[in-house]
Amino acid sequence: MRVENSFIGTDGVGEKTEQSIWQQGITHWDQFEPSVVGGQRGDRIQQFIDEGRERIAETDVTYFDHTFPSSERWRLYETFRERACFFDIETTGLDQDRNQVTTVSLHQDGETQTLIAGDDLTAENLRAAFDGADLLVTFNGKRFDVPFLEANFDVDLDRPHLDLMYTCKKIGLSGGLKQVEQDIGIERDRPDISGKDAVRLWREHEQGRDGALETLVSYNREDTVNLRTLAETATERLDEQVFVG
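Residues numbered from 1 in each chain as written. Predicted model: local features only at pLDDT ≥ 70, side-chain atom pairs only at ≥ 80, totals over all residues. Heavy atoms only, no water.

**As for the pairing of strand S1 (residues 84–91)**
Next, step 1: The buried fraction of S1 is high, at eight of eight residues.
Next, step 2: With six bridges connecting them, S1 and strand S2 (residues 101–108) associate as antiparallel partners. By the bridge assignment, Phe86 is partnered in S2 with His107. (Buried < 20%, exposed > 50% of the residue type's maximum accessible area, 1.4 Å probe, protein only. Helix = DSSP H or I, 4+ residues; strand = E, 2+ residues; numbered from the N terminus. Pairing = 2+ DSSP bridges.)

The following block contains the structure:
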């Protein structure tokens, strides 16, 4: 589902009204006429559509992030996927005030890059990496990855954010990223490695063990790239559940 299929971003329009519009065969902004709904509500929807077209042309993801209900922000993905940045971090623990970020992998425009502590993982490089990202995509990133990076590197990641943990819950998928991947059939090169292993691998790297860093980076990059497949799958399933097209 694209943003242009949605009417729920209009003030006073909920799921029932939107479903009613779709059921009349009006599934895109181009098909809408205010008379279909009538009164001030029809005028408000038309105003939302007119404003929305301008905002899409400007790639203003924030506008729709604010106008759509939080539970419906997954609809932003199909329209703005080319401006999405999928990212995942590894750390030495769960406390952002005590533990260290070891690697950050970002997948955008078909390319994946990894920043490594003690090498190129700096606030400046993080800001540059996120500079062109209009839509962040993570798994549990709102509670973990973003606060960790903001606390440790003083970067501002306050922008539209699709956290797939919540998106997956809407289609009945729960648990951690690895469990959800298994549930939808995403295969890993190294399914035996977990988040705990990522901490161990970093310690082994610090101790000079050959191959530890390479394994950690490979694991982190796979997490990140798999987020794209997960986003595609989750939003497609929600399309089937929600959209009357």
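The rest of the description comes next.
**Some words on the UniProt feature "domain: YprB ribonuclease H-like" (unreviewed entry) in the chain**
Next, step 1: The feature "domain: YprB ribonuclease H-like" (unreviewed entry), as given by UniProt, occupies residues 85–234 in the numbering adopted here.
Next, step 2: Within residues 85–234, the helical portion is 44% and the strand portion 19%, while the C-alpha atoms at the span's ends are 17 Å from each other. (UniProt positions renumbered as here; feature names shortened; annotations may be inferred.)

**Examining helix H8 (residues 177–184)**
Next, step 1: Turning to H8, its buried residues are Leu177, Val180, Glu181 and Ile184. Buried residues along H8 cover an arc of 105° about the axis, so they all sit on one side.
Next, step 2: Against the buried residues of H8 lie helix H7 (164–169) and helix H10 (212–242).
Next, step 3: With its phi angle positive at about 90°, Gly185 sits one or two positions after the end of H8. (Arc of directions from axis to C-beta. Contact = heavy atoms within 4.5 Å.)

**A short note on the state of the cysteines**
Such a bond, covalent and formed between the sulfur atoms of two cysteines, is termed a disulfide.
Next, step 1: Within this structure, the stated rule accounts for zero disulfides.
Next, step 2: Summary of cysteine pairing: Cys85 is not part of a disulfide, and the nearest cysteine sulfur, belonging to Cys168, is at 18 Å. (Disulfide = S-S within 2.5 Å.)

**Here's the deal with a negative patch on the surface**
Next, step 1: Taken together, Glu150, Asp154, Asp156 and Asp158 make up a surface patch of like negative charges.
Next, step 2: Mapped onto the fold, Asp158 is located in the loop between helix H6 (145–153) and strand S5 (161–163).
Next, step 3: The class for Asp158 is exposed, based on a relative accessible area of 68%. (Patch = residues over 30% accessible without salt bridge, like charges linked within 9 Å, V, L, I, M, F, W, Y side chains within 5 Å. Areas by Shrake-Rupley, 256 points an atom, 1.4 Å probe, with all protein chains shown as cover. Salt bridge = Lys/Arg side-chain N within 4 Å of Asp/Glu carboxyl O. Lys, Arg positive; Asp, Glu negative; His and termini not counted. Charge placed at Lys NZ, Arg CZ, Asp CG, Glu CD.)

**A look at the domain arrangement of the chain**
Next, step 1: Partitioning the chain into domains gives domain 1 (3–58) and domain 2 (81–237).
Next, step 2: If you average the C-alpha positions of domain 1 and of domain 2, the two centres end up 36 Å apart. (Domains from an automatic or database assignment.)

**Quick look at the pattern of salt bridges**
Next, step 1: Applying the stated rule across the entire model yields 19 salt bridges.
Next, step 2: Across the pair Glu18 and Arg75 runs a salt bridge whose closest N-O atoms are separated by 2.8 Å. Here Glu18 is found in helix H1 (residues 15–23), whereas its partner Arg75 is found in the loop between helix H3 (61–67) and helix H4 (76–80), with 57 residues between them in sequence.
Next, step 3: Arg75 sits in the buried class, given a relative accessible area of 1%.
Next, step 4: For Arg75, the salt bridge goes to Glu72, with nearest N and O atoms at 3.0 Å.
Next, step 5: For Glu72, a relative accessible area of 5% corresponds to the buried category.

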